[in-house]
Structure formats: structure tokens, C-alpha cells
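Observations on the three-dimensional arrangement
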Amino acid sequence: MKENAGLGAVNVKDIKTQFKTIVECVKKHGKLIKNPLLEPAEEELPIDLEKREDDEKFRKRECFNIEIPENTEKPYVSLGKPLHREKKHIFRFFLDGSLKTYYLGEYIIPAFSFPFMAGEIAAACLFRSDNGSLSLPLHGFKRRICLLFPNKSLLPDSLQMELEETTKKLESYSGLKVETQYTEEAESKDWRSSLRAKGISEMHETEVQLARSVREHSTEGWLVIDGAIRKKMFLDLENVIGLAKSFSRLPVFHIEKRIMLDIVKLLARLGEGERTMIFKQGIAEGDPESSVKKVLGFWYLRLRAGEWLENPLQGVVKVEMKIEKDLADSQTIEVVNEVSKALLAERTVSPYPTPRWPAHIYPIYVAENYIKSNFLSQYYFRGLLA
Amino acid sequence: MKNKPQEKGEIIGKTTATEKFPNTVEEFYFWVEPGKIINPFDFVSVEHIRDTTTIGLVSSMKLITDAKSQLADYVSSEFGKVESVPQTPRIETTVAKAKVMSNISEELPIEVLMPVSANKIVRFARADDVRAGLGLLAVEEEKRIPIGVIEMSNGTQVLVFVDSEYLVGPQGAHLNISGITGLATKTSYLMFLIQTIYQRMKDHVAMIIFNVKQDDLLHLDEEPTDITADDEEMYKIVGIDKEVFPVNDPQKGAKGLKYFLPRGFRGQPNSAYISPSGHYVYAYALSDVHNRLDLLFHGVPDPYLTMRGIIDFIMERYGQLRFRNDVTDPLTGQVIRRKGSQVITWEDLRLFGDYPSEVVRYLRTAWRFRGLLRQFTTSDLFVNQRSQTEAYLGEEIKKIKAGEIYVIDIAKITDEREQAFIIGDVMRSLDEMYGERESTEIPSKVIILIDELNRYAPRAGRFEEISPVTEQIREIARTGRSRGTILFTAEQFKSSVDRQIIENSAMQVVGRTGSSELTSDVYRFLDPEIRDIATRLERGEQIISHPTFRKAIKIRFPKPYYKRIG
């Protein structure tokens, strides 16, 4: 019995001791912030698309401050009291887009086969009136239904022609038209993901169209877009910010070209009600998004802090705004501060306990729900091929 | 619905159906347009399939927000900062639940029993919609008995009536009303109905009203002094004439009120008020009620039925009972009853002890009976001989005619046993009337109003014996519908009254009632939300459940037109 005692059994006490020893060692050389909550294993976590998109954007990781800090050791700005709408109502419009793609089957052609997918895209832009109530303005909602195909070059000529003709015929419909969309890429290891990516791209396109249409009717106040600004067309609009509650961990920040901080290091010391310096991303040669990155300034703002946060990045939003100058002037800084203060006021009311609620603002949450409640039923899509 | 006007009611919201709260055949939900005010018991209309319209009754409302828990609101206030002002107030809406009253249609011959769809416009129902929803439009004009006015939040007033066949027979009969004391609505509502019925059916109906509180119902022929403009308005809607009850005057051939007051000291009426319009004094001699002694002895513990044996013996042999020996006064030794003399009066019976051994095995049983009899008949109401001016109620009841209203005062009779005896005697006399009189002479409807029913027909415990008075009232509740004897009863708590009488009442009325009382299963005919509302009803408001209505409704009514005291 004595010899077999260790077989298959785990001495948990022993493991704990070993673990503790290593942790103590680690703590000597840095700060370890514990996650107070029990999270599922990484494999079980849902994919964060917003973060994934931001990762794409930060292939070139270097970012540079365009605002001169008073203290390079502490590249933060304390904002003071939140700016409530009763004092100055800055944010009037809140825009969000959403996509639902459905895998409806497989499509087989002589030389090729690919998943047959359909997507419903919707975007809503809500207006906030003086008393704080939200409503849907005229032209404040847009819906599209798309069939998603791989690049045209992969399809037989006859199919291409027929699809084009059919699409033209559909244009005579007065209501919602079913569109056909094709991926840019002609190769993919996973067509299902690629088709979905096309859907996402179209969703952003829809957001831009909606933002334009709403701003054409009213230029009152500022427009807040959920997520990062990905399209150049957004930058053509005045008084727009992109608000991302989830962002890449890749960027590295060069403060005054002397101090280099990774994002966790930068945000771990960011206090509640503070923002970071304003940054711009370095542009790699041949970057197709260089025109956007050139005029896009961004900063991080901590809406919430507290021991209950799961990691230093929680409770922080990334704010993107068009800043053409390479060095922010006092006027720009003033606008950034005002926008940041107004964002702090958005903490009430909170969409708690939705996922990522510490960095979520309520009007965007309502816009999300508006879209969700307007999506067609999944059963409807499933039945399309029946 | 033939002449359905094109104008529709005011829009107040839209229907909604969710996975958790679907619309059903019985109920549907709708959210209320911001700024609109509605209340429970408002009637609403929704367009339904095949051009039908569903009429609903608002039963409850709740305000919902998108906060997942109270904690979400706590967090939203900057983690408990009371002074924080929301930058964007939460989305909220009031969601109302409406009970389906009916689905009305101009064309379809059948009622559509399908749930209302989601996202349909909801409106305030128009007066015609309300009446159609309650199924009132099918009631023939001459059979309509107004029972009150529905008042909706948008100011619409709708007269509600019921088919007389469902209130005073033969389809349905009897009414029971309950509610806490102090709001003076139970008696007022019963008298409002009595007045309405009397004014509409005078030639066919007779009334027997028991006055149980002071001189409450002894001024029915006197002009009221407390009628308000609101009452006047409602008289017009309800269609009541501002006329007090007429007094009976045989010389003028006028039929109407007859006040019966109990005999008191030296033959004077034992009443809080003596009407100048005239009255009758009633009293009981043994010869009148020898066959109703069981009513007098109700509630006396009698596990071996020895008392019952004596009572049955007297009831059977009255007129043949004679003293077998002389009876002497124990104090003076004087003979007070001769051998062979007949037992005729109460005093005779108190002295009589010559019961056969098969009736009374032990002498002490006869002594107990005599003791109780003395105790029960000491009041001035029980006389050895009635004078010519004193009436026996039983005889009068048997002579009642259509158009007559008997008000029987029992308010100042302090002994509840005597009160119950009077009521029981009236009930039994009514029963006997149907066997004794020609059916053509009998009023086609006799309505009996009994207030404080719990005193005379209390709910008996599981092993308790039912009293003969309760049995008598029960009998009328059971069989009165077909022959036209209708009970209008009232009490504070339905739970304290004999269940059969309540269950046999077609129309149930509930005034303001305490929440603990409403947990009793006798109120199960009311939906839980309606029960909650019953705890805060105001003066003049009643909740009515009637077999022809799918759900209980709330009504208001004017004060009945006669003088009230206090």
C-alpha cells in the first residue's frame, strides 16, 4: 500500500507550495495583478472580433505620442469631474452595427466547392435628446441581406454572368434587396472565415453609409461609433469618435522617443478618470491603411477602476478621433479633454452585467439591442434553402 | 355591433408577446405609449383577425427597464452614489396585462378564440365596445337591469346592466356582497339595486328588507339630503327616477312600503325610529310559531338529540297537549294550571313537563328544555296572546303582493338568537306561501335583503351542526331561483358565511376588503391582481363578478334615493 500511494494521486498541497514559490519569485521582479474572477479556460472563451480586428491594425506595433506630457514617467492626464449633458451636451448620436452570418450549406462547382453563406447586416444610430432619452432619428436604421461568395475569379463565367443579371433584376424591387458580395482574396485556407470577414467588412461599410446619412440630416453634437474607426470615409465626417471597448495588446508606445511601454504597462497605472497621452500609430511602408492611420489619433481612457476588475485593461476604452496635425495643439487637447470628460459621464447608467460592461456605454448598448430586436429570425434564414 | 361607428378609440399602446409572456386566449400584454394614463379595469380594444375586435380588461401593470438586476441600478449610480444623475436614463416602459373579455365581430357567426397577435395597436375601448365586450348588446331592452357605471381613465362612462333573468331568475339568481364596514357601500349598493329593480319591475316584484342597523332602512319614504351632483349625473346615466319608495296605502290603492317594527315594552315598538307614514308592530304567540320552535333553539348543544325530541313532540302535538296534573306555584302553593287544561301559550309551555317517557327519559332533560325556553322567550317580542294591533309576520309574509316592500326592523333586538328566529320564520313562511296560495296571486319575484348574513348563516366548522336558520336560508339559495325567491345578502367577510349560500349566488360583489380575508378560497373567482385592487377600492366602488361577464369588472354607483341618517 505504501509503495502505491503516489500512483495516479495528486498531492495538491505540494503543488500549491511549488506554485507559491514561483509566484513569490515572479513578484520580486514585477507587479502581478490577480484576476479575482474565475474565467473559463482560454479555449472556452468567445472570440473577441473587435480585438482581432485591432490586432490586424497593429501589425506595426510602434505608436508615438503627439501630445507632450508634463511628466514622461506618468504620461496621463487627470480629467477632473465628468461633463454631464446638463452642462454641455456633447454626444448626440450613437452608432452601432451588427452582423449575423448563416452557414446554409456547401456549394460545389466542377473545380471548386465553398460554404454557401448568407448574412444579415444591420446598423442603427440613436439620437439622444436634451432630457437624455434615446430615439431613432429619421434614416437611423439600415439593414442589408447579402449572399457571400468567394472572389468572382473562382466562379464559372456562366455563373458570374447569371448572378450579375439576377442582381440587376432584383434592383427593381422597391424594398430590401438581396445583394451578392464577393471576397477580395482569391485564396483562402478557410473559406467560411473568409466569407464571414467579408460580411464584417460590409457591416463597417453599412455603418459608414448610415453615419453619413444621419449626419446629412443633422450635424448637431458629436457622433459616437461603437468600435474602432476602420474606414477612411468616417474621417470625412466632422465630430466623430470611435469608441472601442476591446483592443489589441500589440501596440508599443514610445513616449518622447525615450520611454517604451507596452499596453499593459501603460494602462496598469492609468487611474479612474484619467486618460493617456494622444498617440498615433507608426506607418509601415506600403500599408494600405496609411491614409487612415496618418490622420487618426487615439488615446485610452479609464472609465472604471477597482479591485473587481479582471485585468488592467478592463474598464478602459480606446477613443479614436481625426487629428490631422502631427503634434496636437492646445485646441485639439481641449477638445480631447472635453470629449473624454463627456465619456466619463456616460458611466451612468451602466449596462452591467453584460460582457465587457466596465467599458461599455449605455446608449451604444441600447443601439445594439435595437439592432438585435430587429434581426430576422435564424429560423427564417435556415428555411431559405428549404 | 350593426351600427358600428367609424370613430375609433384613443391609441394607448401596442400588443407584445414574448417567449416568457405569450398572449393567450385568456389574456394579452401591451406596452403603454409614454404619457398615456391607464388604470386597472379600463377596457381596451385590439384589432384581431378577420376584422374582429378583441376587448380586454386591464388587470395589472408593471414598469420594466432593461436592468438585469437591482445590482445593475446600484452599479449605474456610480456604485451607490445616491446623488448621481444618469447621463442617459434607462429605457423603461409600462406593460399592461389585459384579460380577454370577448372577441366581437360584425360578420363572423362564431366567437374567435385565438390569441391576439403581437405588435397590434391598442386603443381605449369605446362605450359600445365595452358593452359588446360584456355581451350586453344582446340583452333585450325590457330585461336590462342597471348595476352601475364603468368609469375609464379617459373619462368614458359606460352604463352596465345585466339580464334580469341572470339576477332574479330563472337563469341565475341571488346576489352576495361583502366588504369592510365603515364605507357604507354594501347596504347602499343593495338598496341601489333594489330601487332600480323596483322602479323597473314594480308590478312583478315584492321586497322583504331586514333592517339590522339602527334606523338605516326606516326612512325609505323620506327625501334624501345628501345627493351630490355626481349622483345626479349618474341617475341620468343609470336611468333611475329621483323618487323615494312609495308608502303602502290600501285606501288609495297604492302599494309600497310597510314598516314592521318589533314589539317592545308594553306593546310599544322597539325601534330606533317610528316612521310617520305608519307602521305595524309584530310579535310572536306560541300559537303562531309552535311549528318553528326548532328555529328558536338553533345552536343549542344537543349531542344526543334529546332536545330535538321534545321540540319535535311539541311541533307535532301542539293543540293536543294537556296537563296531566295540577301545577302549583312553588312560592305560594297556589294552583296555576289545572289538570286537563290545554297548553296554548308560552307560559303554559314553560310550565309543562308531562312528556311521555319515550320522548323524555330523564326529568332533567325536560327541566333543561323549560329553562332554555324561559331564557329564549323572556323578551317583549314573545307574548302569550297577541293584541289586535299586533301582527304575526309569518301571516303577513304569506299575504305579500307585487309592489309591496316589507321593511322588517330587527335592529334593536339585542339577542342574535331572536333576530335569527325572525329571519328563519320569514323564510319558512315564504316557503309555505308557495304551497298555500294560488300561484297567480304570488308575486313572480320576491327579493329578500339580509344584511350581516354572517350572524344568521355563519360558516359551520367541519363537525358543527348546521342551524335550522342557516338551513332555511340555504334552502332558498338552492331552490329560490326557479320559483322567484331571490336573496340579496351582505356581510363583511364571505369566508365567515355559509359556503352554499355564497356559491349559489350568481352575482358576487366585493367592496374594499382586507388582504388577509382575500386569501380565503371563497374569493378565488377573482384573479390575484384583482384581489390586490380590492384592498384599495374607494367609497362607491365595487368589483362585480357575474356569470355573463368573462371577468370581474369594477363599477361605481350613485347613492340610492332615500334619506340616510348619520
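Residues numbered from 1 in each chain as written. Chains lettered and ligands numbered in written order. Predicted model: local features only at pLDDT ≥ 70, side-chain atom pairs only at ≥ 80, totals over all residues. Heavy atoms only, no water.

**Details of the overall build of chain A**
- Counting its regular elements, chain A contains 10 helices and 15 strands.
- Of the contacts formed within chain A by residues at least 6 apart in sequence, a portion of 72% connects residues at least 24 apart.
- Of the roughly 21,000 Å² of accessible surface on chain A, a fraction of 53% belongs to carbon and sulfur atoms. (Helix = DSSP H or I, 4+ residues; strand = E, 2+ residues; numbered from the N terminus. Contact = heavy atoms within 4.5 Å. Areas by Shrake-Rupley, 256 points an atom, 1.4 Å probe, with all protein chains shown as cover.)

**What to know about the overall build of chain B**
- A count of helical and extended segments in chain B gives 16 helices and 21 strands.
- In terms of overall dimensions, chain B has a C-alpha envelope of 105 × 60 × 45 Å along the principal axes.
- Expressed as a percentage of its 566 residues, the buried residues of chain B come to 53%.
- Taking the intrachain contacts of chain B between residues at least 6 apart in sequence as the baseline, contacts between residues at least 24 apart amount to 72%.
- By element, 48% of the accessible surface of chain B is carried by carbon and sulfur atoms, the whole surface being about 25,900 Å².
- Each charge class in chain B can be summarised by its mean position, and for the 74 positive and 81 negative side chains these summaries are 3 Å apart. (Buried < 20%, exposed > 50% of the residue type's maximum accessible area, 1.4 Å probe, protein only. Lys, Arg positive; Asp, Glu negative; His and termini not counted. Charge placed at Lys NZ, Arg CZ, Asp CG, Glu CD.)

**A short note on a nonpolar patch on the surface**
- Residues A:W308, B:L71, B:Y74 and B:F79 make up a contiguous nonpolar surface patch of roughly 370 Å² in combined accessible area.
- Turning to its location among the elements, B:Y74 is positioned in helix 1 (residues 70–76). (Patch = residues over 30% accessible without salt bridge, like charges linked within 9 Å, V, L, I, M, F, W, Y side chains within 5 Å. Salt bridge = Lys/Arg side-chain N within 4 Å of Asp/Glu carboxyl O.)

**What about the pattern of salt bridges?**
Residues and elements named next belong to chain B.
- If you walk through the whole model with that rule in mind, you get 71 salt bridges over all chains.
- The shortest N-O distance in the salt bridge between E390 and R263 comes to 2.7 Å. Of this pair, E390 sits in strand 15 (residues 390–391) while R263 sits in the loop between strand 11 (257–262) and strand 12 (280–282), and the two are 127 residues apart along the sequence.
- A relative accessible area of 17% means that R263 is categorised as buried.

**A word on the interface of chain B and chain A**
- Between chain B and chain A, the contact holds 16 residues from the first and 25 residues from the second.
- Here chain B meets chain A over a buried area of about 1,800 Å², counting both sides, of which 53% is carbon and sulfur.
- Seen at the junction of chain B and chain A, the total is one salt bridge.
- Two residues, B:E78 and A:R347, come together in a salt bridge whose shortest N-O distance is 3.4 Å. (Buried area = accessible area lost by both parts, 1.4 Å probe.)

**Describing the nonpolar core**
Residues and elements named next belong to chain B.
- Formed by 92 residues in total, the largest nonpolar core has its most connected members in F30, F43 and Y189.
- By residue number, the principal contributor to this core is helix 3 (residues 186–201), which donates nine residues.
- With sequence-adjacent residues up to four places away left out, F30 is seen in contact with I12, K14, T15, T16, I38, V44, V58, T94, V95, A96, A98 and V122.
- Counting 68 residues, the second largest nonpolar core, distinct from the first, contains Y284, V289, F323 and I450. (Core = buried A, V, L, I, M, F, W, Y, C linked by side-chain atoms within 4.5 Å.)

**Some details on the side chain of B:R474**
All names here are of chain B.
- Along the chain, R474 turns up in helix 13 (residues 468–483).
- Look at R474 and you get buried, because its relative accessible area is 12%.
- In contact with R474, not counting residues within four places along its chain, are I466, D498, Q500 and I501.

**A word on helix 3 (residues 157–170) of chain A**
- Spanning 14 residues, helix 3 of chain A covers 20 Å between terminal C-alpha atoms, matching the ideal 20 Å at 1.5 Å per step.
- Close packing links the buried residues of helix 3 of chain A with strand 3 (91–109), strand 6 (141–149) and strand 7 (178–182) of chain A. (Expected span 1.5 Å × (residues − 1).)

**Digging into the packing of aromatic side chains**
- All told, the structure shown has 41 aromatic pairs over all chains when counted by the stated rule.
- Considering the side-chain rings of A:F253 and A:F279, the 4.5 Å spacing of their centres and the 50° angle between planes classify their relative orientation as tilted. A residue pair is termed long-range when its members are at least 10 positions apart, and A:F253 in strand 10 (residues 252–255) and A:F279 in strand 13 (residues 279–281) qualify at 26 residues. With respect to burial, A:F253 and A:F279 carry one shared label: buried.
- Over the ring of B:F21 we find B:K62; its NZ or CZ atom is 4.0 Å from the centre of that ring. (Phe/Tyr/Trp six-rings, centres within 6.5 Å; stacked < 30°, edge-to-face > 60°. Lys NZ or Arg CZ within 6 Å of the ring centre and 35° of its normal.)

**What to know about the packing of helix 7 (residues 306–317) of chain B against helix 9 (residues 363–376) of chain B**
Residues and elements named next belong to chain B.
- Packing of helix 7 against helix 9 leaves a shortest axis separation of 10 Å and a crossing angle of 70°. Classed by the angle they form, the pair helix 7 and helix 9 counts as roughly perpendicular. Contacts between helix 7 and helix 9 involve T306, M307, I310, I311 and I314 from the former and T365, A366, R368, F369 and L372 from the latter. (Axes fitted to C-alpha atoms, helices over the stretch in contact; angles between N-to-C directions. Parallel < 35°, antiparallel > 145°, perpendicular 65-115°, else oblique.)

**Overview of unusual backbone geometry**
- Residue A:V349 is bonded to the preceding A:T348 through a cis peptide linkage, with omega at -5°.
- Mapping A:V349 onto the fold places it in the loop between helix 8 (330–345) and helix 9 (362–374).
- For the bond running from B:G169 to B:P170, omega is 0°, close enough to zero to count as cis.
- Relative to the elements of secondary structure, B:P170 occurs in the loop between strand 8 (157–163) and strand 9 (175–178).
- Located in the positive-phi region is B:Q214, a residue other than glycine, with phi close to 45°.
- Looking at the secondary structure, you find B:Q214 in the loop between strand 10 (205–211) and helix 4 (229–238).

**Comments concerning the confidence of the model for chain A**
- In the predicted model, chain A carries a mean pLDDT of 86, and 88% of its residues have values of at least 70.
- In the predicted structure, residues 1–7 of chain A sits below a pLDDT of 50 and forms zero contacts with residues beyond four places in sequence or in another chain. (pLDDT = per-residue confidence, 0-100.)

**Some details on the sheet that holds strand 1 (residues 11–16) of chain B**
All names here are of chain B.
- A barrel is described by the order of its strands in space; here six strands give the closed sequence 1-2-5-4-3-6, paired in antiparallel fashion. Adjacent strand axes in the sheet meet at a mean angle of 45°, parallel and antiparallel pairs treated alike.
- By the bridge criterion, three bridges tie strand 1 to strand 6 (residues 121–124) in an arrangement that is antiparallel. Within the sheet, the bridge partner assigned to K14 lies in strand 6 and is I121. (Pairing = 2+ DSSP bridges.)

**A short note on the environment of B:G267**
- Mapping B:G267 onto the fold places it in the loop between strand 11 and strand 12.
- Setting aside residues up to four positions removed in sequence, B:G267 forms contacts with B:V281 and B:E390.

**Things to note about the pairing of strand 2 (residues 27–32) of chain B**
All names here are of chain B.
- Counted residue by residue, strand 2 has five buried out of six residues, so it is predominantly covered.
- With four bridges connecting them, strand 1 and strand 2 associate as antiparallel partners. Paired with K14 across the bridge in strand 2 is W31.
- Relative to strand 5 (residues 92–104), strand 2 runs antiparallel, the two sharing five bridges. What sits directly across from W31, in strand 5, is V95.

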